[in-house]
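So you can see what is in the structure, the chains are spelled out below.
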Amino acid sequence: MALDELKIGGMGASRRRVEDNRFIRGRGQYVDDVVLPGMLHMEILRSPVAHARIKSIDTSAAWDIPGVRLVLTGETMAARNLAWMPTLSYDTQAVLATDKVRFQGQEVAAVIADDVYIAKDACSKIVVEYEQLPVIVNPIQAQAADAPLIRDDKENQPTNKIFDWEIGDKAATDKAFAEADVVSTIDLHYPRSHPSPMENCGSIADYDRATGKLTVYLTSQAPHIVRAAVAMVAELPEHMIRIISPDLGGGFGNKVPIYPGYVISILASILTERPVKWIEDNTGNLISTGFGRDVYLQGQMALRKDGKIMGMRMHTISDHGAFYADAQPTKFKIGLMHSTFACYDVPAAHLTSEGWYTNKAPGGVAYRCSFRVTEAMFFQERMVQAAADDLGMDQAEFRKINLVKDDMFPYRTAFGFLTDSGQYGKCLDIALEAIGYSTFKQEQEEARKRGKLLGIGISTMTEPLGAGNSREYDIIGIKMFDSAELRVHMTGKAILRTGAKTQGQGHETTWAQIVAHELGIPADDIVVEEGDTDTAPFGMGTYASRSTPVAGAAVAMVARKIRAKARKIAAHLLEVSEEDIEWELGRFYVRGNQERGVTIQDCALAAYSNVPDGMEPGLENNAYYDPPNLTWPFAAYVCKVEVDAETGVWDVVKFVAVDDCGVRINPMVVEGQIMGGLTEAYAMASMQYITFDEEGNCIGSNYMDYLLPTAWETPGYELHEVVTPCPHHPIGAKGIGECATVGGPAAFVNAVMDALKHTGVRNIDMPMMPNRVYEALTTGKDISGMPPVMAG
Amino acid sequence: MYPSRFAYEAPKSLEEAIGLLNASGGEAKILAGGQSLVPMLKLRFAAPEQIIDINNIPGLEYHRIDPDGTLRIGALCRHEDLEFSTIIQDTFPTLAGAASLVADPIVRTRGTFVGSVCHADPQGDWAATMIALNGRIVAQGPKGRREIAMKDFVLGPFTNALAFNEIAVEAIIPPATGTARGGYLKLERRVGDFATASVAVALDMDGDKVLRAGCALAGVGGKTIDANAAISVLNGQTLTEASIAAAADAVAEAADPRTDHRGSADYKRHIVKTFVIRILTGIARSEQKAA
Amino acid sequence: MTSLFDEVQPAPAADVPTRRVTINVNGTPRTADIEPRLLLTHMLRQGLKLTGTHNGCDTSNCGTCTVLFDGRPIKSCSMLAVQADGHNVETVEGMGSASELHPIQEGFKQEHGLQCGYCTPGMMLAAKALLARNANPTEDDVRWALSGNLCRCTGYQNIVKAVLWAAEKMRAQNPQEA
């Protein structure tokens, strides 16, 4: 008599999404769709130059345009202590430039007007005199003895270096290298990229002078963090700040930081006493907001001649732009870069890292990357590829020798992470079988004779998802738990609110599935809300694939609390003691008499009409979940490509993805996440990057230069599934949202490298555009993508 | 992304449009497809005082082949009219080859062939095909109509030979005297990208002999490259590996590419050469099949 | 519609010429006085409060603003609203009816062809235009027809499945047009 879990939309059901109902009708409510009475519109004037002193700003002509209500410059902000704001990495960032501009696109002034066209007219009338300074576009330039000091606004900042950081056992690693049979090295650059969700960032700030309450509609993946930051920056009391993140058109990390536009719109609302809407244009988004990557690798591996990895040394140099505005756990300056090689048994490892300021947009941790894990795993698989080649060993064979075996869990990595579960070898075997690996070498040789270059690339990785436990993880001091609040109404319907914030991941659908699983309430009877800080329990938001691991766990835990209370009510209704109550999906029954039972709906009604003596009425609770550990999904991605030797154009012939993310709440949603992530991987591998010319002009500040693949170029994917439940997660789930973006790029790159192997080329920096591939092919030389480039 | 203010007129006849253009003293721009102009207005790269919208002038959407084989394309013939055309596939294969490569499918529903040629973007596909095919533009002004040979039409990047008070009303492409063959290849990293290099080849053939070869290049110079002289080495020849190679070398020489983040000048020149070979080899193979 | 109250806006300080246009939007004529520089997308979104059409880029690349103009897909960010005077514009709000979804809308839900939903209106309208022209497209036909619409979330594979799902349903509903 238990309910059929799939029929009620429980776990494992490919339940069709609830949020689709409004999106397919064009009834989503994104920030730009919100209209408040009396709303004004804001446009930002951005710097056309990358590094310059501001000699003067003349806004008089802007004020003269009819319909202009307010013009703000750094000077006006400074008078209110708002010209600078703290970043999520304990640095400061200019809100509107005062002394200097430090990157092309930096915010210089803002106009607030009756409509956005007028605001733009007025912006174009503002005259700024710049005195240009030398420009730095990469960390090598930043280190030069005669390099200009970018952050001359800071005390105790004598150079452009932001930090040095290290982790691991240097002595043991040095020893491993001294004793190695073969040392493999590879240097490369993971280029700057940008999450570029289809919806750009924006806010509508509405300060109500009568109540003293500030309401801000805002594109944020973490509205509670924004509330905390606004309370600090604007010095408004936290209970009088309401942040509402409505529907978000994608995030991918881009909507985690707090941007100057938000702060300016808040001040503008306070000053004009009207709501102020700021929606950035796409150029503003690409040129100034949270980007991803831009890290250089110097990688080394100490190898035994039978293929065993004895030691790993990694040095990374990260380019953070003009302000250190990463959003990442405090303890880890370079994020979770030290999760690299977690899927391999590496006895000794040492990671050193340095970060630098340059004249580029601030950021670095964004873009579906789990706090630098994209870099960690890309570097890992590129190093592994080079190592196998240097040993003269087959790529799959080398990985199999070194992958952590099933019986080695729980496994402590050389950098101190504890991985707890996985079937790495099985995943890889499935992928190799599906791509036809055993017959490929022969196929490759025969094709090369006919002038066709085929290649296969492998990428295997496990990554830490679900930041994170309070011992080690915090962002600006706030711990990274997450939360869920569940209220069951008298007819057994329910409302669930969490501290997460979906941007397309389908939480309105999937969280209800967890509740259905735990309580037997049909998922259709559960409404899910996120994003309003007045009603949602506190959470650190959705990014770094942390929501299923942390918020999802909180959902399961709160549902169990509800079930525990319902059990007591059931005992009361059935007039037995609680020890005699059994549970099956959707109902409690008397042990030994299965027909005698009450449904969860019966219990819900009783909570309002017939509770046992001494029990509070109602059926609701909340849960704050502090995860004991991260979760560790595993992926094996294998890609087969064909390279046109005459043009350098390469095409994906086949792509196989095997993902083990533990128990899957909604298989359809999981597969959607994987395919989306693989496409971002494909984009970065083939065409998508931001670069700079020697004057610091950003190449990649619009979609003519920043290339996102269309349906035409994007390959199809063959997906496979392995399920190794997470031993500590309440429902055995692991994160998945970012896995494919983390592990995917190396599969494409390794494939092209394999196709070019006969030329001796070891590396082509992404994106592997046709001209780079052709140059590598014809010269046999590695191709570096470090800026500056020559602008077209 | 908001244009500055301008005056707007939507004339219902060419005469009316030309009158407005004439009165504007050079401060007006013609709006046809708008797929180049409107984006420029939004970025404020263009800020004319007046926009003259010719979309309401009837009788300009056509493309047709005259009894003598001449192709005439009206000012409001859209890119997709040519992409889905049932009449140009065999007689104007160079155009048919380029049609589906212009911008993206949505832009192609509005953008116009003639407008694109007038825009004179060095990346522009249609201007290259017009040069390879020895096309002409019909300009109409207050004093009447005149024809401008395509090779005289593009003066420089985004600069054409129209007087300020002339509208381009038609593009004319002469027929092949023998059999028309041709092709268009474009290296773009994704749909809608700027071309790294594009090659238009048009052959007028008599059996397996080339009567006249035409060629033009996009994306490899400050303006569309006229490679007609270069490819004329094929005139009177049959298509052999040697003659194809010679033609490809000559055309590559005519390219004037710049090194930039899309590739080195050498790379772009190499692509030009490769594409010429591929187009000509493809034609030679289909000739053999037909024979 | 009411005559009870209609506030008269003060004339702008500058004498800004406007133009009266009537556009047939989703089957209903809508008349407004607008500046010639107003883009069609902004007239739909801000003027007519039809916010299903979105904006995503500055260079006419992304396609989130796609609407049907006399049945053909156009980028409404690259058309002046004045150009639409006298023409038919269909937005996502015009797809399906109050009681019934269009098969394309159904297909997108069935096949998980959307995640954040931002590209979806434009994608569906481009698909609608494709299916009007080609009732039995191949996967390549679909990918080609949608190559003017960018998506960041789905990786396109399920969008293609959604369109093919809809095409099959529409063929079943209208066999004579297959």
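Structure: above.
The structure presented is a predicted model; accordingly, all values stated were derived computationally and were not measured.

Visitor: Tell me about the overall build of chain B, residues and numbers included.
Guide: Within chain B one finds 10 helices and 14 strands. Here the C-alpha radius of gyration of chain B, 19 Å, is about what a compact globule of 291 residues would show, namely 19 Å. In terms of overall dimensions, chain B has a C-alpha envelope of 60 × 45 × 30 Å along the principal axes. For chain B, the residues scored as buried account for 60% of the 291 residues in total.

Visitor: Explain the sheet that holds strand β3 (residues 50-53) of chain B residue by residue, including any values.
Guide: Residues and elements named next belong to chain B. On the basis of which strands lie adjacent, the open sheet formed by 3 strands has the order β1-β3-β2 and parallel pairing. The sheet is open, and its two edges are formed by β1 (7-9) and β2 (28-31), each paired on a single side. Across the sheet, the mean angle from the axis of one strand to that of its neighbour is 20°, orientation sign disregarded. Bridge count for β1 against β3 is 3 bridges, and the pairing is parallel. Looking across to β3, one finds that Glu 9 is bridged to Ile 52. Against the sheet, helix α1 (residues 14-24) touches β1, β2 and β3, its axis set at about 165° to β3.

Visitor: Any details on the pattern of salt bridges? Residues and values, ideally.
Guide: All names here are of chain A. Per the counting criterion, the structure on display carries 85 salt bridges over all chains. For Asp 389, the salt bridge goes to Lys 757, with nearest N and O atoms at 3.5 Å. A residue pair is termed long-range when its members are at least 10 positions apart, and Asp 389 in helix α10 (residues 373-391) and Lys 757 in the loop between α18 (739-755) and α19 (770-779) qualify at 368 residues. The exposure class of Asp 389 is partly exposed, given its relative accessible area of 29%. Classification of Lys 757 as partly exposed rests on a relative accessible area of 42%. If you follow the salt bridges from partner to partner, you end up with Arg 53, Asp 91, Asp 99, Lys 100, Arg 102, Arg 151, Asp 152, Asp 153 and Lys 154 in one network.

Visitor: So what's going on with the environment of Thr 498 of chain A? Residues and values would help.
Guide: Residues and elements named next belong to chain A. Along the chain, Thr 498 turns up in strand β24 (residues 494-498). The class of Thr 498 is buried, set by a relative accessible area of 0%. It is 7.7 Å that separates the C-alpha atoms of Thr 498 and Val 555, two residues lying 57 residues apart in sequence. Non-local contacts of Thr 498, meaning those with residues more than four positions away in its chain, are made with Ser 483, Ala 484, Trp 511, Glu 529, Glu 530, Ala 536, Pro 537 and Val 555. There is a polar contact of 3.0 Å between the side chain of Thr 498 and the backbone nitrogen of Ala 500.

Visitor: Describe the sheet that holds strand β10 (residues 182-190) of chain A, naming the residues involved and giving the relevant values.
Guide: All names here are of chain A. With mixed pairing, the 5 strands of this open sheet are ordered in space as β9-β17-β16-β15-β10. With partners counted over all chains shown, the strands left at the sheet margins are β9 (161-168) and β10, one partner each. Strand after strand, the sheet turns through a mean of 10° between neighbouring axes, direction not considered.

Visitor: Pulling in residues and values, what's your account of the packing of aromatic side chains?
Guide: Residue and element names in this part refer to chain A. A complete count under the given rule lists 28 aromatic pairs over all chains for this structure. On the numbers, 5.9 Å between centres and 20° between planes, the contact of Phe 23 with Tyr 30 is stacked. The exposure class of Tyr 30 is buried, given its relative accessible area of 1%. Members of the aromatic cluster, joined through ring pairs, are Tyr 637, Trp 650, Phe 655, Tyr 682, Tyr 717 and Phe 748. Lying across the ring of Phe 291, Arg 192 places its NZ or CZ 3.4 Å from the centre.

Visitor: How would you summarise the interface of chain C and chain B if you had to cite specific residues and measurements?
Guide: By a widely used convention, the size of an interface equals the accessible area lost when the partners come together. Tallying the contact residues gives 30 residues for chain C and 34 residues for chain B. Summed over both sides, the interface between chain C and chain B buries roughly 2700 Å², with carbon and sulfur atoms accounting for 58% of that surface. Summed over the three residues of chain C that lose the most area to chain B, namely Arg 37, Gln 83 and Trp 144 of chain C, the buried surface amounts to 23% of that side. Counting across the interface, chain C meets chain B through 4 salt bridges. Here Glu 35 of chain C ties to Arg 5 of chain B by a salt bridge, and the two come within 2.8 Å at their closest N and O atoms. The set of elements that each furnish at least two residues to the side of chain C that touches chain B consists of β3 (66-69), β4 (72-75), α3 (120-133) and α4 (139-145) of chain C. Sort the elements by how many residues they give to the side of chain C that touches chain B and β4 of chain C lands first, with 4 residues. Taken together, the residues of the side of chain C that touches chain B sort by class into 14 nonpolar, 9 polar and 7 charged.

Visitor: Quick one: what's the story with the side chain of Lys 360 of chain A, residue by residue and with numbers?
Guide: Residue and element names in this part refer to chain A. Its location among the elements puts Lys 360 in the loop between β17 (348-356) and α10. Look at Lys 360 and you get buried, because its relative accessible area is 2%. There is a polar contact of 2.9 Å between the side chain of Lys 360 and the side chain of Asp 294. Those residues in contact with Lys 360 that lie beyond four places of it in its chain are Arg 102, Phe 103, Val 137, Arg 192, Asp 294, Asp 319, Gly 321, Ala 322, Phe 692 and Pro 787.

Visitor: Before we move on, can you summarise a nonpolar patch on the surface with the specific residues and values?
Guide: All names here are of chain A. A contiguous nonpolar surface patch, about 280 Å² in accessible area, is contributed by Met 490, Leu 605 and Tyr 608. Tracing the backbone shows Tyr 608 in helix α16 (residues 600-609). When its relative accessible area of 35% is taken as the criterion, Tyr 608 is described as partly exposed.

Visitor: Before we move on, could you go through the packing of α10 of chain A against α18 of chain A and cite the residues and values that matter?
Guide: Residues and elements named next belong to chain A. At a minimum axis distance of 8 Å, the contact between α10 and α18 shows a crossing angle of 25°. When the axes of α10 and α18 are compared, the pair comes out roughly parallel. Once α10 is placed against α18, the crossing between them reads as right-handed. Seen from α10, the contacting residues are Val 373, Thr 374, Met 377, Phe 378, Glu 381, Arg 382 and Gln 385; seen from α18, they are Thr 741, Val 742, Pro 745, Ala 746, Val 749, Asn 750, Met 753 and Asp 754. Considered class by class, the residues forming the contact of α10 with α18 number 8 nonpolar, 4 polar and 3 charged.

Definitions and cut-offs
Residues numbered from 1 in each chain as written. Chains lettered and ligands numbered in written order. Predicted model: local features only at pLDDT ≥ 70, side-chain atom pairs only at ≥ 80, totals over all residues. Heavy atoms only, no water. Helix = DSSP H or I, 4+ residues; strand = E, 2+ residues; numbered from the N terminus. Rg over C-alpha atoms; globule rule 2.2 N^0.38 Å. Buried < 20%, exposed > 50% of the residue type's maximum accessible area, 1.4 Å probe, protein only. Pairing = 2+ DSSP bridges. Axes fitted to C-alpha atoms, helices over the stretch in contact; angles between N-to-C directions. Contact = heavy atoms within 4.5 Å. Salt bridge = Lys/Arg side-chain N within 4 Å of Asp/Glu carboxyl O. Polar contact = N/O pair within 3.5 Å; in protein donor to acceptor, adjacent residues only side chain to side chain. Phe/Tyr/Trp six-rings, centres within 6.5 Å; stacked < 30°, edge-to-face > 60°. Lys NZ or Arg CZ within 6 Å of the ring centre and 35° of its normal. Buried area = accessible area lost by both parts, 1.4 Å probe. Nonpolar A, V, L, I, M, F, W, Y, C, P; charged D, E, K, R; others polar. Patch = residues over 30% accessible without salt bridge, like charges linked within 9 Å, V, L, I, M, F, W, Y side chains within 5 Å. Areas by Shrake-Rupley, 256 points an atom, 1.4 Å probe, with all protein chains shown as cover. Parallel < 35°, antiparallel > 145°, perpendicular 65-115°, else oblique. Left-handed = near helix turned anticlockwise from the far one by under 90°.

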